[in-house]
Amino acid sequence: MIDISYIRAQFPILETKIRDKYPLIYLDNAATTQKPIAVINSLLDYYTKYNANVHRGVHYLSGLATDMFEQSRVAVQEFINAKHSQEIIFTRGTTESLNLLAHCFAKSFLSQADTVMITQMEHHSNIVPWQIASEDYGFKLDYLTFDDNGEIEDFEKKILSAKPKLLSICHISNTLGTINDIKHIIDFCHKHDCLVAVDAAQSIAHKVIDVQSLDADFLAFSGHKVYAPMGVGVLYGKKDLLDKMAVYHGGGEMIKTVTMEKTTYNGLPYKFEAGTPSVADVIGLAAALKWLKEMSFEDIIAHEDEVFQYAANRLKEVKDLRIFGNAKDKSSCISFLADGVHHLDLGTLLDAMGVAIRTGHHCAEPVMQKFGIAGTDRLSIAAYTTKDEIDVFMQSLDKALKMLR
Ligand SMILES: *Cc1c(COP(=O)(O)O)cnc(C)c1O
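Quick caveat: nothing in here was measured; it's all calculated off a predicted structure.

1. What about the overall build of the protein?
Thinking step 1. Across its full length, the protein carries 14 helices and 17 strands.
Thinking step 2. The C-alpha atoms of the protein give a radius of gyration of 22 Å, which matches the 22 Å a tight globule of 405 residues would have.
Thinking step 3. Summarising the internal contacts of the protein: among those between residues at least 6 apart in sequence, 72% fall at separations of at least 24.
Thinking step 4. When the accessible area of the protein is evaluated, it comes to approximately 17300 Å², of which 52% is carbon and sulfur surface.
Thinking step 5. Averaging the coordinates of the 41 positive side-chain charges in the protein and doing the same for the 52 negative ones gives two points 2 Å apart.

This is how it looks when you write it as structure tokens:
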């Protein structure tokens with residue numbers, strides 16, 4: 001069993017009093033997670049003991065920083081069970097990973113007759129890069145839609161008729177909480193010559209991900225959604241695909257030789273890692289993954305599922321409150337709207353009581369358009385969320401609704 005007070009004690013920020021009065025109830029974990037002291041200390045350690053640029057210097061500190069940086073790559077490799085460490089590309093986050101993928105995949109593999117499929121439930125960072133690449137390279141962009149419950153509809157039919165070369169899809173929707181059956185999706189797509197990229201930004205902290213057993217072709221996530229610092233993310237890709245893919249940013253690190261006429265490129269993973277990386281944050285990411293394993297990731301997932309179910313059941317009891325996303329398989333976040341109450345007003349009143357939720361379109365405007373709304377209120381949980389906090393949230397919600405209605 002999980003010792004939740006032991007976990008909570010490792011997050012200094014959870015002791016914050018909002019406006020010197022209300023204990024912080026942090027329910028905005030889908031936007032970013034808080035950081036355990038092990039991660040904070042890894043940053044402090046780096047900047048106090050071995051800050052140096054990586055892969056360049058002959059000197060001692062550079063060697064140390066490089067070792068730690070490359071060990072972090074192996075830590076990520078192990079966390080998602082990638083076959084090779086060169087399959088782990090460090091980026092600034094999911095957004096950069098998906099921009100890299102859209103640009104380089106299109107440049108290398110797509111012609112104007114080809115189609116890329118995404119879905120109506122994607123985060124903007126899995127929509128806009130494909131729209132930009134589609135304009136630049138001329139391939140077709142098509143969408144899988146979702147039904148009123150927030151489940152992808154007509155998946156097989158649509159893949160068979162559109163015959164996409166690639167499907168890029170979220171594992172867990174950051175707005176609806178829908179868990180897409182990514183294993184089935186990948187199996188089916190592969191049978192029909194379609195590769196699959198997984199946006200794992202929401203799932204990385206809430207699901208055990210094994211890219212080999214999933215047979216995912218690409219997978220992207222951000223460190224800051226899995227207890228690591230902001231400024232670092234990952235693009236995983238199968239080695240043979242990444243090897244064939246054109247480079248992205250140009251600069252230091254990604255080259256083999258440069259003359260005034262021509263440049264030859266470095267091998268994997270460096271050909272995609274131009275310029276000085278966020279070394280401390282990469283090391284912080286490894287510290288976060290190590291921390292998660294030490295706390296027992298499986299136990300955390302079980303705890304989260306329990307808190308999630310509890311929150312979902314309690315919210316269902318609230319009169320005249322609509323929940324957006326009622327998929328059979330859901331995780332970690334719940335979007336809702338109280339009838340007659342603007343999402344921003346509710347969020348503001350909850351904040352006045354120390355409860356932090358997200359309000360707005362959650363970077364998923366097509367989801368809002370589907371339901372004909374401008375935004376929702378969203379609560380999202382993490383390892384340190386307790387049922388007691390959900391109770392405080394419910395009391396605060398009750399108070400706020402009485403004031404607003
Ligand atoms: C947060 C999120 C992103 C974007 O991540 P960044 O860290 O802002 O780059 C993409 N997709 C999903 C599902 C997300 O939750």
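2. Details of the sheet that holds strand 6 (residues 140–144)
Adjacent strands of a sheet form backbone hydrogen bonds with each other and so pair up, either parallel or antiparallel.
Thinking step 1. Spatial ordering of the open sheet is given by 4-10-9-8-7-5-6, a layout of 7 strands whose pairing is mixed. Of all strands in the sheet, those with a lone pairing partner are strand 4 (88–91) and strand 6, marking the two edges. For this sheet, the mean angle separating the axes of adjacent strands, direction not counted, is 20 degrees.
Thinking step 2. In the packing of helix 3 (residues 60–79) onto the sheet, the strands contacted are strand 4, strand 9 (218–222) and strand 10 (233–237), and the crossing angle to strand 4 comes to about 115 degrees.

3. Examining the site of the ligand
Thinking step 1. Taken together, Thr94, Thr95, His123, Ser125, Asn174, Asp199, Ala201, Gln202, Ser222, His224 and Lys225 make up the full set of residues near the ligand.
Thinking step 2. Asp199 places a polar side-chain atom, nitrogen or oxygen, 2.6 Å from a nitrogen atom of the ligand.
Thinking step 3. Between an oxygen atom of the ligand and a side-chain N or O atom of Lys225, the distance comes to 2.7 Å.
Thinking step 4. Coverage of the ligand by the protein chains reaches 87% of its 380 Å² of free accessible surface.
Thinking step 5. When its residues are assigned to classes, the shell around the ligand shows 1 nonpolar, 8 polar and 2 charged.

Parameters at a glance
Residues numbered from 1 in each chain as written. Predicted model: local features only at pLDDT ≥ 70, side-chain atom pairs only at ≥ 80, totals over all residues. Heavy atoms only, no water. Helix = DSSP H or I, 4+ residues; strand = E, 2+ residues; numbered from the N terminus. Rg over C-alpha atoms; globule rule 2.2 N^0.38 Å. Contact = heavy atoms within 4.5 Å. Areas by Shrake-Rupley, 256 points an atom, 1.4 Å probe, with all protein chains shown as cover. Lys, Arg positive; Asp, Glu negative; His and termini not counted. Charge placed at Lys NZ, Arg CZ, Asp CG, Glu CD. Pairing = 2+ DSSP bridges. Axes fitted to C-alpha atoms, helices over the stretch in contact; angles between N-to-C directions. Near = heavy atom within 4 Å. Polar contact = N/O pair within 3.5 Å; in protein donor to acceptor, adjacent residues only side chain to side chain. Nonpolar A, V, L, I, M, F, W, Y, C, P; charged D, E, K, R; others polar.

Bear in mind that shape data such as this cannot, by itself, settle questions of function.
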